[in-house]
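Each chain, letter by letter, is given below.
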Amino acid sequence: SAVISQKPSRDICQRGTSLTIQCQVDSQVTMMFWYRQQPGQSLTLIATANQGSEATYESGFVIDKFPISRPNLTFSTLTVSNMSPEDSSIYLCSVAGGGSYNEQFFGPGTRLTVL
Amino acid sequence: QKEVEQNSGPLSVPEGAIASLNCTYSDRGSQSFFWYRQYSGKSPELIMSIYSNGDKEDGRFTAQLNKASQYVSLLIRDSQPSDSATYLCAERGSAGNMLTFGGGTRLMVKP
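The structure displayed is predicted, hence computed values, not measured ones. (Residues numbered from 1 in each chain as written. Chains lettered and ligands numbered in written order. Predicted model: local features only at pLDDT ≥ 70, side-chain atom pairs only at ≥ 80, totals over all residues. Heavy atoms only, no water.)

Undergrad: I'd like a description of the overall build of chain A, backed by residues and values.
TA: Scanning chain A from N- to C-terminus turns up 0 helices and 11 strands. Mapped in sequence order, the helices and strands of chain A form the string β-β-β-β-β-β-β-β-β-β-β. Here the C-alpha radius of gyration of chain A, 13 Å, is about what a compact globule of 115 residues would show, namely 13 Å. With respect to the three principal axes, the spread of C-alpha positions in chain A is 40 × 25 × 25 Å. Taken over 115 residues, chain A has a buried fraction of 50%. Partitioning the contacts of chain A with sequence separation of at least 6, the portion at a separation of at least 24 is 53%. Of the accessible surface of chain A, which amounts to about 5500 Å², a share of 47% is contributed by carbon and sulfur atoms. Averaged over its 7 positive side-chain charges, chain A has a centre that lies 8 Å from the centre of its 8 negative ones. (Helix = DSSP H or I, 4+ residues; strand = E, 2+ residues; numbered from the N terminus. Rg over C-alpha atoms; globule rule 2.2 N^0.38 Å. Buried < 20%, exposed > 50% of the residue type's maximum accessible area, 1.4 Å probe, protein only. Contact = heavy atoms within 4.5 Å. Areas by Shrake-Rupley, 256 points an atom, 1.4 Å probe, with all protein chains shown as cover. Lys, Arg positive; Asp, Glu negative; His and termini not counted. Charge placed at Lys NZ, Arg CZ, Asp CG, Glu CD.)

Take a look at the structure:
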């Protein structure tokens, strides 16, 4: 499976600021996704990052709050804008493509704490 | 609204026993099912995928799918303390590649 890295691995931010999280894959992949995992909770899909077009957002998530870029088939960014303590979560990128079941594999995650 | 349900646990089993983790789903159109293992502070790791009714075995792990009853299970044979983690069930429906996750079951294997 692809090797996925994320930067930063963790950050502590002040309310009202923004943080951009990077996801880098060591091979070209068709599908990239961004998930959020709130403390003690399961994973919730934020959006699908589409190469060459706008991301597709799930219900409850909007582009103004979570702008996403996907400039090529190996890289994507997620920005968490105008942060509040409720945004404190782990943010995970995942990739899919190529396997029999189009399995998704996750990056190591970015642990965000908003004060 | 698609739903994937899991018992949150913790499920406690002695070392060497079989751990049985269960998951039910609401979407009859679901095509593929996945089990992820997540250690505390780590990201989910894919351990099993299953598409067809029946059993699929990989080492100590067996995934079981019953589409008529809309459940999928994971059996872990010869459980080890290193298997202690949260196990997440996920399904992918017929439209797109979106995964819907259950809440996860915490497994504790006691020496």
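Undergrad: Please provide a residue-by-residue account of the nonpolar core, values included.
TA: Counting 25 residues, the largest nonpolar core has W34(A), I46(A), F66(A), I68(A), L78(A), Y91(A) and L112(A) as its most contacted members. Broken down by secondary-structure element, the contributors of at least two residues to this core are β3 (19–25), β4 (31–37), β5 (43–49), β8 (75–80), β9 (89–96) and β11 (110–114) of chain A. Top element by residues in this core is β3(A). It accounts for 4 residues. If we skip the residues at most four places from it in the chain, I46(A) touches W34(A), Y35(A), R36(A), T56(A), Y57(A), E58(A), F61(A), F66(A), L78(A) and Y91(A). Grouped together as the second largest cluster of nonpolar side chains are 22 residues, C23(B), W35(B), Y87(B) and L107(B) included. (Core = buried A, V, L, I, M, F, W, Y, C linked by side-chain atoms within 4.5 Å.)

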